[in-house]
Amino acid sequence: TFMNIVAEVLLKNRSSSTDSETERIAILKEALFREVAARIGRGLSSDDKVVFATLLARLFAEDEGIGSSDVNTVEDFVKNFSVFGDDFPWQGRGLNELLQVTLEELGPTVPLLLCSAPGHDVSGRVEAMARDLKKDLSSVAMGSAEGYET
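This text gives an overview of the structure that appears in the document. Because the structure is a prediction, the values reported are computed rather than measured.

**Observations concerning the nonpolar core**
Next up, step 1: If you look at the biggest cluster of nonpolar residues, it comprises 16 residues, and the most contacted ones within it are Phe33, Leu56, Phe84 and Phe88.
Next up, step 2: When contributions to this core are tallied by element, the ones reaching two or more residues are helix H1 (2–12), helix H2 (21–41) and helix H3 (46–61).
Next up, step 3: Beyond its immediate sequence surroundings of up to four residues, Phe88 is in contact with Phe33, Arg34, Ala37 and Leu56.

**Section: a nonpolar patch on the surface**
Next up, step 1: Taken together, Val50, Val71, Phe77 and Val78 make up a surface patch of nonpolar side chains, about 280 Å² in accessible area.
Next up, step 2: Mapping Val78 onto the fold places it in helix H4 (residues 74–79).

**Topic: the environment of Gly43**
Next up, step 1: Here Gly43 is to be found in the loop between H2 and H3.
Next up, step 2: Looking at Gly43, the relative accessible area reads 67%, which means it is exposed.
Next up, step 3: Measuring from C-alpha to C-alpha, the distance between Gly43 and Cys115 comes to 9.3 Å, with 72 residues separating the pair along the chain.

**Focus: unusual backbone geometry**
The phi angle of most residues is negative, glycine excepted, and most peptide bonds adopt the trans form.
Next up, step 1: Residue Glu62 is not a glycine yet carries a positive backbone phi of 55°.
Next up, step 2: Residue classification places Glu62 among the exposed residues on the basis of a relative accessible area of 69%.
Next up, step 3: Backbone geometry at Lys134 places phi at a positive 55°, although glycine is not the residue there.
Next up, step 4: With respect to the secondary-structure elements, Lys134 resides in the segment after helix H6 (123–133).
Next up, step 5: The exposure class of Lys134 is exposed, given its relative accessible area of 74%.

About the criteria used
- Residues numbered from 1 in each chain as written.
- Predicted model: local features only at pLDDT ≥ 70, side-chain atom pairs only at ≥ 80, totals over all residues.
- Heavy atoms only, no water.
- Core = buried A, V, L, I, M, F, W, Y, C linked by side-chain atoms within 4.5 Å.
- Buried < 20%, exposed > 50% of the residue type's maximum accessible area, 1.4 Å probe, protein only.
- Helix = DSSP H or I, 4+ residues; strand = E, 2+ residues; numbered from the N terminus.
- Contact = heavy atoms within 4.5 Å.
- Patch = residues over 30% accessible without salt bridge, like charges linked within 9 Å, V, L, I, M, F, W, Y side chains within 5 Å.
- Areas by Shrake-Rupley, 256 points an atom, 1.4 Å probe, with all protein chains shown as cover.
- Salt bridge = Lys/Arg side-chain N within 4 Å of Asp/Glu carboxyl O.

Quick look at the structure:
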C-alpha cells in the first residue's frame, strides 16, 4: 500500500545531514517519488509508463505543463522528465533486483506475481533464489497447461 511505501521511505531516510526543514522535505519528496516509481513502474505497459512518468513529473515539479506540448524529437520528450535526473527508476525494479524486491517489499499479505512473455519463463530464477536462501516456495501456474496435473 501507499502507506507502506511512505513508512519505508521515512525509515530509510531517518537520519539526515541537514538541519534545514526545506532541504529535509526535498530529500524525502525525491525518495518517495523514486520508491513509488520503482514499485509501480515494473507493473506497467510501455504506454502506461509514459502516462505515469508524465503525471509523476508534473507532481514532482509542480508544473502542469509537462507533457502537454507537442514534442518533435525524443530529446524534447526526455527533457520533460529531467527533473528527476538520469538515474531515476522509470522501469521499476525488475528481475535484476528480484532479491531486493523479495526481501524488502514482499510479505505474507504482499505476494509476488510474475507475468512473462511466451518462451521466457522466469520461475527457474525464483526457484534458484528460494533454494539459495533456504526458503519454502509455493508456486502456482496460471494460464499454462504445464502447471496443471492431469
